[in-house]
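Listed here are the chains, written in short residue letters.
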Protein chains: 2
Amino acid sequence: MEPVWLYDTTLRDGTQGEDINFTAEEKIRIAMRLDDIGIHYIEGGWPGSNPRDDAFFDLASRVKFKKARLVAFGSTRRAGVRPSADANLNALVKANTPAVAMFGKTWDLHVEQVMDNTLAENLAMIRESVEYVKSQGREVLYDAEHFFDGYKNNREYAEKTIAAALDGGADSIVLCDTNGGSLPTEITAIVTDIRAFIQKHRKKNGGQPVTLGIHTHNDSNLAVANTITAVDCGATVVQGTVNGYGERCGNADLTSIIPVLQLKMNRPCLTDENLARLRELSRYVSEAANMTPVSNRPFVGESAFAHKGGIHVSAIMKCPVAYEHMSPELVGNRRRVLVSDLAGKSNVAYKAKELGIEIEGNGTDTAALVSEVKKMENQGYQFDAAEGSFEIWLKKKLGQYEPAFELLSFLVTIRKEKDRQCYAEATIKLLVDGQERFTAAEGDGPVGALDNALRRALHKFYPEECDNMRLVDFKVRVIDGREGTAARVKVFIESRDKKEIWRTIGVSEDIIEASWQALADSFQYRLNKAREEQNHS
Amino acid sequence: MEPVWLYDTTLRDGTQGEDINFTAEEKIRIAMRLDDIGIHYIEGGWPGSNPRDDAFFDLASRVKFKKARLVAFGSTRRAGVRPSADANLNALVKANTPAVAMFGKTWDLHVEQVMDNTLAENLAMIRESVEYVKSQGREVLYDAEHFFDGYKNNREYAEKTIAAALDGGADSIVLCDTNGGSLPTEITAIVTDIRAFIQKHRKKNGGQPVTLGIHTHNDSNLAVANTITAVDCGATVVQGTVNGYGERCGNADLTSIIPVLQLKMNRPCLTDENLARLRELSRYVSEAANMTPVSNRPFVGESAFAHKGGIHVSAIMKCPVAYEHMSPELVGNRRRVLVSDLAGKSNVAYKAKELGIEIEGNGTDTAALVSEVKKMENQGYQFDAAEGSFEIWLKKKLGQYEPAFELLSFLVTIRKEKDRQCYAEATIKLLVDGQERFTAAEGDGPVGALDNALRRALHKFYPEECDNMRLVDFKVRVIDGREGTAARVKVFIESRDKKEIWRTIGVSEDIIEASWQALADSFQYRLNKAREEQNHS
């Protein structure tokens, strides 16, 4: 079986996505992660199009990649301009990468109506541009833009554009379903045909071996299917992005493609060890992109192996393969059991066990617990997404909870004058180990001021924990939009220290009340862990 | 071409999704929407499993559906129990629906290891249960659970379970890829085989016509592909959920399947008029489920036809078909042009024109504008998602902005004592039409208090606008997680009145400052529109 080359365009096509923006430094960090996990080609950007991309290639020239080949992306020369005088091509060469990806027009409609060009000149542009960049010592992958639509509308011309790229010496022909509207049956027919066309052209004209690549978009929810279909038909260069980021409905999602190819189609792409780092890569890129991780993303999503219905959970505990199409650990994921209002007793028992809390057989009314969970969830508490708060709540219910501190009162004040920034301060009064602590602090906003005042009050007793933990994300969601500012809000806080990440939740009509709940739970959770560790040592 | 029957299980399988919960009344409303748009089967729930589902079927018995057949879902009888004495089956019948969907075990692993049953008794359970429910006058669709895995592991037994359902008189055999791990090539082989098996069995044993159905899950990111592949192989009952909601990675997404079948595969499912209401259905269900609409969802997502890169936009304005695989209006969607830092002059010009603002040819430095947009976006302003704020910003830049009011100062106080709820109040001083207004208000939290005080201050001058507009959603996102509460936050506010929905944004390290920006913009936007309307009349 021929090897598959993974080609990542997160840093270029991925950035066309609506909310995606990377600084040049972030791009370098992501590129190094991609190289580290074993991606074969990393398309870094479009030199000359954007100051950030130029900065990226400049920084990248000082990075020693382990195995990955960095790729500069750009267009063919402009009509009527000699290759060596063309700004596009020179920018591509100047980026000084091992490989260059060059896109050209395949569809006569684009050539004539959009670009106001002639069919013949377009072919010359393709052939000469590929030839020129090859002559500068680069590997050249030719991206046949809008290939499938071009082929469907004027097959002969589409084939001519491929021939032009081959004549220029392209190392790879990448067929792009740029509009994302093709079906797997069309992919099968067209890729099969073009593969034969390329073989015939090479037999006739000579030239070095050429790989076939595929680049799909998800406008019809078929990007992954189209990609693997193309691989079945002989494509060996697979283009996509991490988490499927990209314009409109996104590019083909590499975090789906890689496991499907490797685990279901016997087309290995990464080492097993690196495959198990896939989820980590997915999270890393989503954080760098400041995008909420999509929890139901196949393979790597938080919920990809999250079992909800009571029936499934008892069955899974008996026999995982009966309910899971693969083992989560292979991609670095894990099985989760959701506590929810479809939960049977087995869900809650499983969850408690996971948290190290004994509930079976010591007089606990598990049915009553389940019923209470359902009530809380009805009010908006999403324990699925806030296991820190769930643990506290469960311990309270079981009479096993010992708070690290008790709130006596707090006061938060926010002032604003005309155009000046808001000014926030908080005072807080706590009871810790029987002692009263009364502290004051300023902060970036009310939650920040509370966080600082709380930290100040607790630092005397838990200096290390307070120094190391920090709030890294908070989300506020209005529960029922129809009620405006009177609606209940839920606040999620994600906190982390050197070892752990934990999430807590608060629910109230008042955002500060909800934030306080989540914040207090976050500290109670962490400080209680510290006390447990002390007790055990 | 045989017609395709659309079978929606949003209200049953969809509710297995991590964050999805519907009340019985919400389920009824969704069911009526589904019926209205032309869905053929509506699987409403599992009677007897959950009080909400029982309530649903009770309410549903009083609804007159136009065309849709309501379906009650449940399991085969229990081992060793007579059908007429079985609680499951009796609950199914008692739901009094035209149709019943019954799931049974296909995979010998499940029968023997998970259910501790015998292979023979399982077949009897299937046959007798189908027979019994048929005898009660119901249409019966038999859901062959884990069919593809069962077939791959023990084909003969899997076929026997189908034969048992046929012998019981099933009207439809639905093949379920319950674990979501199958590939399109496997679907092709297996569905083709089973179709032939069914035809052969009927030829031999007689019986009424039987339809073939397909029910896929998205664990491999192939649910839609697998579904349409099955249709190509003869399946005519297509199961899925709106927005692909469902357990783990979700069910097959009907909002993708329907346009693919109807617009690309010549398998009409809905009238053209109803197809154009698909986006509306998608939004309705996401709001009912309290789920953020997924903006990059194929066909119906806000970004499905959102073009970002400068190049694409100028091309699209010339020739839409060159860049879009279909016309957005066919599914009730629309084209969007994003203002972003990849924006060329054409994006900003397009956007301004859309907002009715003239910028070309009156001395405006469009290039400088574009450069400023990029700067703002770098700081976190996401104008793509906050067009209300963009309009204000653009007008300010062009010297065309006249604020409806000016902030002089505000003060917000939040108090909490022990376990009591937080108490928030705000005072605000504004300048409106040269007059000073100084008001105070309480509220559900600081933003609510500010909103109330602001409303109070403005009501004297804009009574109708203040009465009709309300804040319906706000989102807070930390921009750089590495800085904890010192990080910049962006606050999005969505406001609406009877006619319009608009979104505004604020960015600051301080959540109240950011909320104030978004809130003030929201009022400025609406009140300025009111003044413009007055000026024109």
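All residue numbers refer to position in the chain's written sequence, counted from 1. The lettering of chains begins at A and the numbering of ligands begins at 1, in the order of writing. Under the rules for a predicted model, residues below a pLDDT of 70 receive no local features and side-chain atom pairs below 80 are neither given nor counted, while totals for whole chains, interfaces and linings still include all residues. As a rule here, side-chain values come from all non-hydrogen atoms in the structure, and water together with hydrogens is ignored.

Chemist: Just to check I follow, could you spell out the overall build of chain A for this structure?
Modeler: Helix and strand assignments come from DSSP, with helices taken as H or I runs of at least 4 residues and strands as E runs of at least 2, each series counted from the N terminus. Tallying secondary structure elements over chain A gives 19 helices and 16 strands in all. Over its C-alpha atoms, taken along the principal directions, chain A stretches across nearly 90 × 60 × 50 Å. Accessibility here uses a 1.4 Å probe with only protein chains present; expressed as a share of the type maximum, an area under 20% marks a residue as buried, one over 50% as exposed, and anything in between as partly exposed. Taken over 537 residues, chain A has a buried fraction of 63%. In short, Shrake-Rupley with a 1.4 Å probe defines the accessible areas, and a residue's cover is counted only from the protein chains shown. With the model as given, the accessible surface of chain A reaches about 20500 Å², and the carbon-plus-sulfur share is 48%. Within chain A, the 77 negative side-chain charges are centred at a point lying 2 Å from the centre of the 68 positive side-chain charges. Charge assignment: positive for Lys and Arg, negative for Asp and Glu; neither His nor the chain ends contribute. A single reference atom marks each charge: NZ on Lys, CZ on Arg, CG on Asp, CD on Glu.

Chemist: How should I be thinking about the packing of helix α9 (residues 223-232) of chain B against helix α10 (residues 254-264) of chain B in this particular structure?
Modeler: For any two helices packed against each other, one specifies the crossing angle of their axes together with the interaxial distance. All names here are of chain B. For every element, the axis is a line fit to its C-alpha atoms; helices are fit only across the contacting stretch, and the angle between N-to-C directions ranges from 0 to 180 degrees. At a closest axis distance of 10 Å, the pairing of α9 and α10 adopts a crossing angle of 40 degrees. In this view, α9 runs oblique relative to α10, as classed from their interaxial angle. The crossing of α9 and α10 is right-handed. Where α9 approaches α10, its residues Val224, Thr227, Ile228 and Val231 are matched on the opposing element by Ser256, Ile257, Val260 and Leu261. Residues belonging to the contact of α9 with α10 are distributed by class as follows: 6 nonpolar, 2 polar and no charged. Any angle from 65 to 115 degrees is called roughly perpendicular, while one under 35 is roughly parallel, one over 145 is roughly antiparallel, and all others are oblique. If you view the pair so one helix is near and one far, a crossing is left-handed when the near helix is turned anticlockwise from the far one by less than a right angle, and right-handed when it is turned clockwise. Contacts are assigned to residue pairs with any non-hydrogen atoms lying within 4.5 Å of each other. Residues are grouped as follows: nonpolar covers Ala, Val, Leu, Ile, Met, Phe, Trp, Tyr, Cys and Pro; charged covers Asp, Glu, Lys and Arg; every other residue, Gly included, is treated as polar.

Chemist: Hey, could you run me through the pairing of strand β15 (residues 489-496) of chain A in this one?
Modeler: Along any regular strand, the residues point their side chains to alternate faces of the sheet. Residues and elements named next belong to chain A. When you tally the buried positions in β15, you get 8 out of 8 residues, the bulk of the element. What you see with β15 is no split at all: Val489, Val491, Ile493 and Ser495 on one side and Lys490, Phe492, Glu494 and Arg496 on the other are buried throughout. A pair of strands is treated as paired once DSSP finds two or more bridges between them. What sits between the antiparallel neighbours β15 and strand β16 (residues 501-508) is a turn of 4 residues.

Chemist: What should I look at first to understand the environment of A:Thr10 in this one?
Modeler: All names here are of chain A. Within the secondary structure, Thr10 is located in the loop between β1 (5-8) and α1 (24-37). Here the alpha-carbon distance between Thr10 and Leu183, two residues 173 residues apart in the chain, equals 23 Å. When sequence neighbours within four positions are dropped, the list of residues in contact with Thr10 reads Thr15, Phe22, Gly240, Thr241, Val242 and Val285.

Chemist: Help me understand the relation of the copies chain B and chain A, please; the structure alone is not making it clear to me.
Modeler: Relating the two copies of this chain is a rotation about some axis coupled with a shift parallel to it. Least squares is the method for superposing the copies, and the C-alpha atoms it fits come from residues with pLDDT of at least 70 in both. Take chain B, turn it by 180 degrees, move it 0.1 Å along the axis, and it overlays chain A with an RMSD of 0.5 Å. Taken together, the turn and the small shift mark the pair as related by a two-fold rotation axis. For chain B, the minimum C-alpha distance to the rotation axis belongs to B:Thr413 and amounts to 2.0 Å.

Chemist: Explain the sheet that holds strand β1 (residues 5-8) of chain B here, please?
Modeler: Hydrogen bonds between backbone groups are what pair the strands of a sheet, and the pairing can be parallel or antiparallel. Residues and elements named next belong to chain B. Strand order in the closed barrel formed by 8 strands is β1-β2-β3-β4-β5-β6-β7-β8, and the pairing between neighbours is parallel. With direction set aside, neighbouring strand axes in the sheet form an average angle of 25 degrees. In terms of strand pairing, strand β7 (residues 211-216) meets strand β8 (residues 237-240) through 3 bridges, oriented parallel. Its bridge partner being in β8, His215 is matched across the sheet by Gln239. In the packing of helix α5 (residues 119-135) onto the sheet, contacts are made with β4 (99-105) and β5 (139-145), and the angle to β4 comes to roughly 175 degrees. Lying over the sheet, α10 contacts β1 and β8, oriented at roughly 150 degrees with respect to β8.

Chemist: What is the right way to look at the sheet that holds strand β7 (residues 211-216) of chain A in this model?
Modeler: All names here are of chain A. One closed barrel holds the 8 strands; their spatial order is β1-β2-β3-β4-β5-β6-β7-β8, and the pairing between them is parallel. In this sheet, neighbouring strand axes are inclined to one another by 25 degrees on average, regardless of whether the strands run parallel or antiparallel. Note that strand β4 (residues 99-105) and strand β5 (residues 139-145) share 7 bridges and pair parallel. Counted as the bridge partner of Ala101 is Leu141 from β5. Across the sheet, helix α3 (residues 87-94) lies against β3 (69-75) and β4, angled at about 170 degrees from β3, the strand it touches most.

Geometry only, nothing functional implied.
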